[in-house]
Amino acid sequence: MNENNAIELKNITKRFGQVVANDKVCLSLKKGEILSILGENGSGKTTLMNMISGIYYPDEGQIMIHGKEVTIRSPKDSFDLGIGMIHQHFKLVDVLTAAENIILGLPGKEILDRKAVNDKINELTGKYGFDLDPDQKIYRMSVSQKQTVEIVKMLYRGVDILILDEPTAVLTPQEADRLFAVLRNMKSRSFHYHYYT
Ligand SMILES: Nc1ncnc2c1ncn2[C@@H]1O[C@H](COP(=O)(O)OP(=O)(O)OP(=O)(O)O)[C@@H](O)[C@H]1O
Ligand SMILES: [Mg+2]
């Protein structure tokens, strides 16, 4: 077990009936590292990430977060460990604005002051170089802008391990370059760890 690892997986196995989606997978992610996982369709990338984000529970193996063995039984457990996953299919409410989506589900006292919400969003987007208007409605946004809302939503909640499932699949080559630039920027500016497939 290494204290400098944000994530460490040991011999993770996950079966769906006869299908072995993950067979004794070991993986480690250092703090401050950007790690890409490559694999053909059906090779088990999403399944592996879903076990870190609390959607599935491993049949065997251990998960260590920041050097401590953890049990992740739900997305809330994962969230409480500072892990945020951006899924391939976004989960945003189209008729709401970016800011409204970002604060959706947070306790009332955190969202009553809308100016403070926008200020915090603008601080995050300015710091990392995201291009986002908090007052824009989701249905008016490009796919890339929607992805930005999803990422900022996680950062707003204070996650420090970010998992992106096939983030470039929905982007144009230019948008993908822009995403990589933002991720590198996050790495160099105190956002400690992320990670994507
Ligand atoms: N909920 C499920 N029930 C049954 N089988 C599943 C389930 N989820 C995944 N699988 C199977 O597990 C294997 C790994 O799938 P997974 O989606 O993790 O692969 P992937 O690497 O993310 O693929 P892709 O590149 O297509 O996203 C596949 O054989 C898939 O059919
Ligand atoms: Mg997948």
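Structure: above.
Attention here is on the structure that accompanies the text. Computed from a predicted model, the values in this text were never measured in an experiment.

Conventions we followed
Residues numbered from 1 in each chain as written. Chains lettered and ligands numbered in written order. Predicted model: local features only at pLDDT ≥ 70, side-chain atom pairs only at ≥ 80, totals over all residues. Heavy atoms only, no water. Salt bridge = Lys/Arg side-chain N within 4 Å of Asp/Glu carboxyl O. Helix = DSSP H or I, 4+ residues; strand = E, 2+ residues; numbered from the N terminus. Buried < 20%, exposed > 50% of the residue type's maximum accessible area, 1.4 Å probe, protein only. Phe/Tyr/Trp six-rings, centres within 6.5 Å; stacked < 30°, edge-to-face > 60°. Lys NZ or Arg CZ within 6 Å of the ring centre and 35° of its normal. Near = heavy atom within 4 Å. Polar contact = N/O pair within 3.5 Å; in protein donor to acceptor, adjacent residues only side chain to side chain. Areas by Shrake-Rupley, 256 points an atom, 1.4 Å probe, with all protein chains shown as cover. Nonpolar A, V, L, I, M, F, W, Y, C, P; charged D, E, K, R; others polar.

**A short note on the pattern of salt bridges**
Applying the stated criterion to the full structure yields six salt bridges. Here Arg 15 and Asp 59 are joined by a salt bridge, their closest N and O atoms 3.9 Å apart. You can see Arg 15 sitting in strand β1 (residues 5-16) and its partner Asp 59 sitting in the loop between α1 (45-52) and β4 (60-65), a full 44 residues away along the chain. The class of Asp 59 is partly exposed, set by a relative accessible area of 39%. Between Lys 115 and Asp 119 there is a salt bridge, with the nearest N and O atoms lying 2.8 Å from each other. Separated by four residues within a single helix, Lys 115 and Asp 119 lie in helix α5 (residues 114-128), roughly one turn from each other. For Asp 119, a relative accessible area of 39% puts it in the partly exposed group. If you follow the salt bridges from partner to partner, you end up with Arg 15, Asp 59 and Glu 60 in one network.

**A short note on the packing of aromatic side chains**
Scanning the entire structure with this criterion turns up two aromatic pairs. Geometrically, the ring pair formed by Phe 16 and Tyr 56 is edge-to-face, given 5.1 Å between the ring centres and 70° between the ring planes. One end of the pair, Phe 16, is in strand β1; the other, Tyr 56, is in the loop between α1 and β4, and 40 residues separate them in sequence. Residue Phe 16 is classed as partly exposed on the basis of its relative accessible area of 35%. An angle of 85° between the planes, with centres 6.5 Å apart, marks the rings of Tyr 128 and Phe 130 as edge-to-face. Using a relative accessible area of 4% as the deciding quantity, one classes Tyr 128 as buried. Since its relative accessible area comes to 11%, Phe 130 is described here as buried. The residue whose ring lies beneath Arg 73 is Tyr 57, and the NZ or CZ to ring-centre distance is 4.5 Å. Above the plane of the ring of Tyr 156 lies Lys 120, whose end atom (NZ or CZ) is 4.1 Å from the centre.

**Considering the site of ligand 1**
Residues in contact with ligand 1 amount to 13 residues; listed here are only the nearest, Gly 42, Lys 45, Thr 46, Thr 47 and Tyr 56. A distance of 3.2 Å is found between an oxygen atom of ligand 1 and a side-chain nitrogen or oxygen belonging to Asn 41. Burial of ligand 1 by the protein amounts to 62% of the accessible area it has alone, namely 640 Å². Going through the elements one at a time, β2 (19-30) and α1 are the ones with two or more residues in the shell around ligand 1. Of the residues contributing to the shell around ligand 1, the split by class is four nonpolar, six polar and three charged.

**Digging into the side chain of Thr 13**
As for its placement among the helices and strands, Thr 13 is situated in strand β1. Classification of Thr 13 as buried rests on a relative accessible area of 2%. Side-chain polar atoms of Thr 13 contact the backbone nitrogen of Lys 24, separated by 3.0 Å.

Function cannot be inferred from these measures alone, as they are strictly geometric.
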